[in-house]
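# Residue-level structural notes
These are the residues of each chain, in order.
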Amino acid sequence: MPKSADAAAQEAAELARELARNAVDSLPKGALAEKLSTARAEERPLRVKLGIDPTAPDIHLGHAVVLRKLREFQDAGHRVVLIVGDYTARVGDPSGRSSERPMLSVEEIEANSATFQAQALRILDGDPARLEVRRNSEWLDMQLDEMLALARTTTAAQLLERDDFAKRLSAGRPISMLELLYPLLQAYDSVAVRADVELGGTDQKFNLLLGRDVQRAYGQASQAILTMPLLVGTDGHRKMSKSLGNEIGIVDSPQEMFGKTMAIPDDVMGEYYRLLLGGAARAGGAPARTGDSGGQEGAGPSARDAKRALARALVSWLHSEHDAQDAERHFDRVFVQREAPEEIAEAEFSADDGMVHLPAVIAAAFGISRSEARRLIDQGGVMLGDAPLAAGERDVPVARAEGQLLKVGRRRFRRLKAA
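Described in the following lines is the structure provided in the data block.

What counts as what
Residues numbered from 1 in each chain as written. Predicted model: local features only at pLDDT ≥ 70, side-chain atom pairs only at ≥ 80, totals over all residues. Heavy atoms only, no water. 1 Å grid on protein atoms, 1.4 Å probe; cavity = no way out; pocket = protein on both sides within 12 Å on 5 of 7 lines; lining within 4 Å. Points joined across faces, edges and corners; volume = space filled by probe spheres on them. Helix = DSSP H or I, 4+ residues; strand = E, 2+ residues; numbered from the N terminus. Nonpolar A, V, L, I, M, F, W, Y, C, P; charged D, E, K, R; others polar. Core = buried A, V, L, I, M, F, W, Y, C linked by side-chain atoms within 4.5 Å. Buried < 20%, exposed > 50% of the residue type's maximum accessible area, 1.4 Å probe, protein only. Contact = heavy atoms within 4.5 Å. Pairing = 2+ DSSP bridges. Right-handed = clockwise from strand over helix to strand, strands pointing away. Expected span 1.5 Å × (residues − 1). Arc of directions from axis to C-beta.

As enumerated under the stated definition, the model contains 1 cavity of 30 Å³ or more in all. Estimates place the volume of the largest cavity at around 60 Å³. Every residue lining the largest cavity is listed: R21, N22, V65, R68, K69, E72, M228, R274, L275 and G278. Put simply, the parts of the chain that give the lining of the largest cavity at least two residues each are α3 (61-75) and α13 (269-277). Per-element tally for the lining of the largest cavity: the top contributor is α3, with 4 residues. Counted by class, the lining of the largest cavity contains 3 nonpolar, 2 polar and 5 charged residues.

Across soluble globular proteins, you tend to see nonpolar side chains buried next to one another. Among the nonpolar cores identified, the biggest contains 64 residues, and L61, Y272 and L276 are the most heavily contacted of them. Looking at which element gives the most residues to this core, the answer is helix α15 (residues 303-318), with 8 residues. Ignoring any residue separated from it by four or fewer positions in sequence, one finds Y272 in contact with L61, L231, V232, G233, T234, M240, I248, I264, L277 and L310. In this structure, I83, L140, V193 and A195 belong to the second largest nonpolar core, which totals 22 residues.

A word on the pairing of strand β2 (residues 47-52). Of the pairings in the sheet, the one linking β2 to strand β3 (residues 79-84) comprises 6 bridges and is parallel in character. Residue pairing for β3: L50 is matched across the bridge by L82. In this fold, the crossover linking β2 to β3 by way of α3 has right-handed handedness. Note that β2 and strand β5 (residues 197-201) share 2 bridges and pair parallel.

Taking 1.5 Å per residue, 15 residues should reach 21 Å; helix α5 (residues 106-120) reaches 21 Å between its end C-alpha atoms and fits that length. By the burial criterion, the buried members of α5 are I109, N112, S113, F116, Q119 and A120. Buried positions in α5, seen along its axis, are confined to an arc of 135° and lie on one side of it. For α5, the exposed residues lying more than 90 degrees away from the buried face are E107, A114 and A118. Looking at the buried residues of α5, the elements they touch are β2, α3, β3, α4 (88-91) and β4 (131-135).

Keep in mind that these numbers describe shape and distance, not what the molecule does.
In structure tokens, the structure reads:
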């Protein structure tokens, strides 16, 4: 028996409330419920959009907050349209910036784009009925007359109302024409994929709302928007960002992920539980909650135990329970018992005149620059055997290096071996 109109509307409103859980904004008021009701009446899934520019090779737990919300839409039967912003990455998103972002090369963008989809699929359902992956170069590499038509949809005054632009304008800092185009280009993505709903972080609110205006200008129904909180990084203060070095990557090794999680401040644990593990039973592959976010932080004998539980849960979700157990054992061995890891990879070195140049060895072993390696040595962050290297001690005799344990920072180890 068909549901009454009132019952269907009530069901849509309840689902909208559930899907908007943990969101900062669900705008306009009632729009998500209306979209859900309309989609049900038309017997089709909603098209739920997320665009992320591939400005870094890896995505992190900050991205995972929005990706988990997208997964909830998928599990409710809707279709996610994931836009890899290979074209907009050439422009650079000015959101939250006090200066223009540096432009990436085409090669950097392509390399980053290549890893993005595979990493997102650790969280999203890859079923083609539930996921559509697009690159916005498909439609943004447009003719000049098309670009001018897009520019006519918005006034300069509208763009300059944006908070980061307004602050820079009042401070006399430059705003390039390229940056002013960025919100329009992102908004046109919604037109190109006919988005019903768009998700983003709170720093994307202006762009998401502009998408509604541009859709109307092109004769489309305006999307509903959801903004999600920005997850703070491991420093506990600034939003998680690769450029700030406070990120936990979703493809970090289990040991790295566990160790970084154990380093977050106690007072942000509740946010990590709420935004990353809340409602985990509905998110496919993530561990179930053991309590609500408030209870988790204060539950158990200590904050340390709650943090261990958080670290185990995150590694189990993005790797496996077995990996989480191994990562915890590794953490205890290295950071509690102060012993070397059970398994240590080798790092080969070549010697010139009987000496080993350690910055080169460190850079090759851990994928950092030689200047960064020199900085770590000078700061006392590198140990060879049982002794830290002194500031400026960059070349050591082969006899001292051969077979020795090289420790860089707190979590990186290699056993040195002559090539």
